[in-house]
Amino acid sequence: MRTLWMQVHGLGYDGMASVQVNSGAWIALSNDTVSVAEPGRSYGGIGGGFGTLKLTVPLPANTVVPGANTIRFRFNHTDGVASGFRVVAFNFLAGDATQLVDPDAFA
């Protein structure tokens, strides 16, 4: 199983943002669809006490392909206060949680 690991700043509420890998379905980022790493999870996860969170998103089989992959991020809607979010870092993880893309490959 492959997962998408992300470090994201400014996710103020469930469903604020979504991610898409290649031509797969959009996945809304919520406490029900992602795993939030500690300590963010203990402080409410998305919408909780931490501004920057580390998340893992499980991906359906065959979503990640050999070679080039396209990752899209989408701001879904505002709560009247928020106007966006920032993806600080991301990578694909193998089943044993090792990063699949060399961090130096990102510009």
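Calculation criteria
Residues numbered from 1 in each chain as written. Predicted model: local features only at pLDDT ≥ 70, side-chain atom pairs only at ≥ 80, totals over all residues. Heavy atoms only, no water. Helix = DSSP H or I, 4+ residues; strand = E, 2+ residues; numbered from the N terminus. Rg over C-alpha atoms; globule rule 2.2 N^0.38 Å. Buried < 20%, exposed > 50% of the residue type's maximum accessible area, 1.4 Å probe, protein only. Contact = heavy atoms within 4.5 Å. Areas by Shrake-Rupley, 256 points an atom, 1.4 Å probe, with all protein chains shown as cover. Lys, Arg positive; Asp, Glu negative; His and termini not counted. Charge placed at Lys NZ, Arg CZ, Asp CG, Glu CD. Pairing = 2+ DSSP bridges. Core = buried A, V, L, I, M, F, W, Y, C linked by side-chain atoms within 4.5 Å. Phe/Tyr/Trp six-rings, centres within 6.5 Å; stacked < 30°, edge-to-face > 60°.

Counting its secondary structure elements, the protein chain contains 0 helices and 7 strands. Taken from N to C terminus, the helices and strands of the protein chain fall in the order β-β-β-β-β-β-β. By the compact-globule yardstick of 13 Å for 107 residues, the protein chain fits well, its C-alpha radius of gyration being 14 Å. Projecting the C-alpha coordinates of the protein chain onto the three principal axes gives extents of approximately 40 × 25 × 25 Å. Within the protein chain, the proportion of its 107 residues that are buried is 32%. The long-range fraction of contacts in the protein chain, counting pairs at least 24 apart against all pairs at least 6 apart in sequence, stands at 62%. Per element, the accessible surface of the protein chain, about 6200 Å² overall, is 53% carbon and sulfur. Put simply, the protein chain has 6 plus and 7 minus side-chain charges, and the middle of one group is 5 Å from the middle of the other.

Turning to the sheet that holds strand E4 (residues 35-36), a few remarks are in order. Taken in spatial order, the 4 strands line up as E4-E5-E1-E7 in an open sheet, and their pairing is antiparallel. Each edge of the open sheet is held by one strand with a lone partner, namely E4 and strand E7 (86-93). As judged from the 7 bridges shared by strand E1 (residues 3-9) and E7, these two strands associate in the antiparallel manner. What sits directly across from histidine 9, in E7, is arginine 86.

This brings us to the nonpolar core. Residues Leu4, Leu11, Leu29, Leu55, Val57 and Leu59 are the most contacted members of the largest nonpolar core, which totals 21 residues. For this core, the secondary structure elements donating two or more residues are E1, strand E2 (17-21) and strand E5 (52-58). Those residues in contact with leucine 4 that lie beyond four places of it in its chain are Val19, Val21, Leu55, Thr56, Val57, Leu59, Ile71, Phe90, Asn91 and Phe92.

With the rule as written, the count across this model stands at 2 aromatic pairs. Here tyrosine 43 and phenylalanine 50 contribute two aromatic rings whose centre-to-centre distance is 5.3 Å and whose plane-to-plane angle is 65°, an arrangement assigned as edge-to-face. Consider the rings of phenylalanine 73 and phenylalanine 90, whose centres lie 5.7 Å apart with planes at 65°: the pair is edge-to-face. Here phenylalanine 73, found in strand E6 (residues 71-75), pairs with phenylalanine 90, found in strand E7; they are 17 residues apart in sequence, far enough to count as distant.

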